[in-house]
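Remarks on the overall topology
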Amino acid sequence: MVATVVAIRLRAAWHLARREWWRLLVAGLGVTWMLTMLPWLVWGGAALARQSDDVRADLLVGLVAVLSIGWTVVPLMVAGLDDTLEPARFRTLGVSARTIMPGLTVAAFLTMPAAFFALALGLLGLSWRGSGAGVLAVAALGLALAYGSMVLGARVSAAWAARVLSSRRAKLATFAVLALALAAAAPVALVLFRDGLTAVIGADVEVLLDRLGTTPLGAGVAAPAYAAAGDWAGAGWRIAMQAVWLLLVHGVWRVNVAHQLVAPLGRGGGARRRHDRILDPVRGLVHPRDGATAAVHARLVRAWVSDPRYLSSLVGVMLLPVTFFALVMPVFDLDRRWAYLVPIVLAVTIGWGRHNDVAFDSTALWLDVVSGRLGQAVLRGRLAATASWALPLIVVVALATVAWGGRWADAPGLLGTCVGVLGVSLGVAALSAVLVPYRAPAPGASPFGSEVGAVGAGLVAQLVSSLVLLLLVPFVVVPFVVALVAEAPGWGVVACVLGIATGIGAYAGGVRAAGAVYNARSGRLLASVA
């Protein structure tokens, strides 16, 4: 079965490479980057070899801990990779988890990122060769176990997140995860803001690295230092802990695979209905009067609170500004005015992410198409469904940022800028969604994957919308930056007025232009995303 599963992986990759030239281009760029990094890895291994055993172990523990967290978090933030071996695809074959797991496990390591990190950790692990063959063997075993935990941890992260987002309590679980992430980052950010990076490195990092060496994030990597010091018992139980953790992660993944092989295909968040939110929508701050717009708006509002694909997008959008505020600002000791980037980046990412809006709503798109030339009404309903929650969220975040900094004079300029950036981003995304459509994960599929063969179009859509936003957003932000640098309240008023006017204009213009394109190519649009 291992050979069969691996053959499916390799054969699918070969056929996709023959059909889509961009895959070979992306692979070539990836190999080029790996070759570029190779001298740096060799240099890093040589530099580590010149350090003492304790310092070398601490540096490797810190590196592996950061990489482990990255392998867990990145799949939740950067979705869209092909998943030809998604367990649900084998549901109709009647295979068991016990039969298919060996093949899935081997295939998990047959990716370019997995190959690169295996090479990188192997080169860095050679820095222990001067401590003796026994210590080098312990280092190789510890790094191999840590590497396996990283790769399998990424599978568990995406698989269980998809399972949680598909449950009845999807909305509650999403915000609970965000709250836990904020709670975990808050003490670290507080200490960094209070003491500064230099003081934290001098006083706390050594203690933190020592503690990480007793956890699955760094136990295997810390083991060779104990072996070099003659404490083979200390090295042994750390290797054992890392091995047990790897087996536990693999077991958790296997449980999820077993669930996917027998679970019925889900089509939504599974929320218990008390009334029909589409035919009888709840009136909120935004309630379109036009019938077609109101129908699309109600459908998309329903999706935002129940569809795992939308909820996963929301998780990824929120993690970026939280990371900037909690880690980047205190680590680099930035002025508090840099915190204003948090609501601005939040507005950009929310708007930019809607380039996949038409793709996500593909199963209902046919209904909009056969209803007539209603392009503007459809796009107006789509964008209003996002703006109905995004605008209040951004306003709250902006006001909270101003309150944290204590500079209330900057509030008008920041609010206007955020409104302008959100409007421009949504307008650009509306056009991108109909000009460069692509297939997205179908309802019931993993929200962290993509349809096979759709990655190229998705990358094009992301690249195009990103470049356009890169050209337009600075024009909205510049007046507010001038107000901050020159300490000129007048420029803050200009930023407020210009931002609101630009945001409304871009929003309305995007709806009008995207609606016209939608009407002109609705049939091709449906064929592209269905």
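Residues numbered from 1 in each chain as written. Predicted model: local features only at pLDDT ≥ 70, side-chain atom pairs only at ≥ 80, totals over all residues. Heavy atoms only, no water.

**A look at the overall build of the protein chain**
Stated formally: A run of DSSP states H or I qualifies as a helix once it reaches four residues; a run of E qualifies as a strand once it reaches two. Both are numbered from the N-terminal end. Only protein chains enter the accessibility calculation, which uses a 1.4 Å probe; a residue whose area is less than 20% of its type maximum is buried, one above 50% is exposed, and one in between is partly exposed. Two residues form a contact once any of their heavy atoms are found within 4.5 Å. Where accessible areas are quoted, they stem from the Shrake-Rupley method and a 1.4 Å probe; at the residue level, only the protein chains shown are allowed to cover.
Looking only at helices and strands, the protein chain has 20 helices and two strands in total. Within the protein chain, the fraction of its 530 residues that count as buried is 45%. Put simply, 82% of the contacts in the protein chain that link residues at least 6 apart link residues at least 24 apart. When the accessible surface of the protein chain is totalled, it reaches about 25,700 Å², and 71% of it is carbon and sulfur.

**What to know about the packing of helix α16 (residues 375-405) against helix α17 (residues 411-435)**
Put simply, the rule is: Note on method: axes are straight lines fitted to C-alpha atoms, helices fitted across the in-contact stretch only, with angles between N-to-C directions ranging 0 to 180 degrees. Angles below 35 degrees are treated as roughly parallel, those above 145 as roughly antiparallel, those between 65 and 115 as roughly perpendicular, and all remaining angles as oblique. Crossings are assigned a handedness: left-handed for a near helix turned anticlockwise from the far helix by less than a right angle, right-handed for a clockwise turn. When residue character is reported, Ala, Val, Leu, Ile, Met, Phe, Trp, Tyr, Cys and Pro are called nonpolar, Asp, Glu, Lys and Arg charged, and the others, Gly included, polar.
Relative orientation of the contacting elements α16 and α17 amounts to 155°, with a least axis distance of 10 Å. As far as their axial angle goes, α17 and α16 are roughly antiparallel. Judged by the twist between their axes, the crossing of α16 over α17 is right-handed. Contact residues: L379, L383, T386, A387, A390, L391, I394, V395, A398, L399 and V402 in α16; A411, L414, L415, C418, V419, L422, L426 and A430 in α17. Each residue belonging to the contact of α16 with α17 can be placed in one class, and the counts come to 18 nonpolar, one polar and no charged.

**As for the packing of helix α4 (residues 97-108) against helix α10 (residues 232-262)**
Contact pair α4 / α10: the axes reach a minimum separation of 10 Å and the direction vectors enclose 120°. Classified by the angle their axes make, α4 and α10 are oblique. In terms of crossing hand, the pair formed by α4 and α10 is right-handed. Residues A97, R98, I100, M101, L104, T105 and A108 of α4 form the contact with α10, whose participating residues are H250, W253, R254, V257, A258 and L261. Here the contact of α4 with α10 is built from residues that sort into nine nonpolar, two polar and two charged.

**Re the packing of aromatic side chains**
What describes a pair of aromatic rings is the distance from one ring centre to the other and the angle between the planes of the rings. Defined as follows: To pair, rings of Phe, Tyr and Trp, with the six-membered ring standing in for Trp, must have centres within 6.5 Å; the planes then decide the type, stacked if under 30 degrees apart, edge-to-face if over 60, and tilted in the middle. Distance and angle both matter: a charge sits over a ring if NZ of Lys or CZ of Arg is within 6 Å of the ring centre and within 35 degrees of the ring normal.
The tally for this structure, following the rule as stated, stands at six aromatic pairs. A centroid spacing of 5.4 Å and a plane angle of 75° characterise the contact between W71 and F117, whose relative ring orientation is edge-to-face. You can see W71 sitting in helix α3 (residues 53-77) and its partner F117 sitting in helix α5 (residues 112-125), a full 46 residues away along the chain. Owing to a relative accessible area of 14%, W71 belongs among the buried residues under this scheme. Taking 5.5 Å as the distance between ring centres and 80° as the angle between the ring planes, the aromatic pair formed by F116 and F117 counts as edge-to-face. For F116, a relative accessible area of 8% puts it in the buried group. Ring pairs connect the aromatic residues W33, W71, F116 and F117, which therefore count as one cluster. When the ring centre of W128 is taken as reference, the NZ or CZ atom of R56 above it lies at 4.6 Å. Seen from the ring of Y226, R238 lies directly overhead, with NZ or CZ sitting 3.8 Å from the centre.

**Overview of the environment of D368**
Looking at where D368 falls in the secondary structure, it is placed in helix α15 (residues 362-370). Residues in contact with D368, not counting those within four places in the same chain, are V296, R299, D361, V378, R382 and Y518.

**Description of α10**
The line we're drawing: Expected helix span is given by 1.5 Å per residue-to-residue step, counting one fewer step than there are residues.
End to end, α10 covers 45 Å across 31 residues, agreeing with the expected 45 Å (1.5 Å per residue, within 8%). For α10, the set of buried residues is G234, A235, R238, I239, Q242, L246, V249, W253, N256, V257, Q260 and L261.

**So, the side chain of T401**
Mapped onto the elements of the fold, T401 is located in helix α16. For T401, a relative accessible area of 9% translates into the label buried. The contact partners of T401, leaving out residues within four places of it in the chain, are A339, Y340 and P343.

**Some words on the pattern of salt bridges**
Counted only if it meets this: Salt bridge criterion: a side-chain nitrogen from Lys or Arg within 4 Å of a carboxyl oxygen from Asp or Glu.
One pass over the full model with this rule turns up four salt bridges. Between D410 and R407 there is a salt bridge whose closest N-O contact spans 2.6 Å. Between R407 and E487 there is a salt bridge whose closest N-O contact spans 3.5 Å. Here R407 is found in the loop between α16 and α17, whereas its partner E487 is found in the loop between α18 (455-486) and α19 (489-520), with 80 residues between them in sequence.

**Examining the confidence of the model for the protein chain**
Applicable threshold: Confidence of the predictor at the level of single residues is given by pLDDT, which spans 0 to 100.
Put simply, the protein chain has an average pLDDT of 79, and 77% of its residues get 70 or more. Taken as a whole, residues 267-271 scores under 50 in pLDDT and shows 12 contacts with residues more than four places along the chain or in a different chain.

**Section: the environment of R373**
Topologically, R373 is positioned in the loop between α15 and α16. Residue classification places R373 among the exposed residues on the basis of a relative accessible area of 66%. For the pair R373 and A516, spaced 143 residues apart in sequence, the C-alpha separation works out to 9.0 Å.

**Quick look at the environment of A235**
Along the chain, A235 turns up in helix α10. Sequence spacing of A235 and A222 is 13 residues, and the spatial spacing of their C-alpha atoms is 7.7 Å. When sequence neighbours within four positions are dropped, the list of residues in contact with A235 reads A223, Y226 and A227.

**Section: a nonpolar patch on the surface**
Note the following rule: Patches were defined on residues exceeding 30% relative accessible area and lacking a salt bridge, with like-charge contacts within 9 Å and nonpolar side-chain contacts (Val, Leu, Ile, Met, Phe, Trp, Tyr) within 5 Å.
A cluster of nonpolar side chains, contributed by V2, L10, V106 and L110, occupies part of the molecular surface with about 300 Å² of accessible area. In this structure, V106 sits in helix α4.

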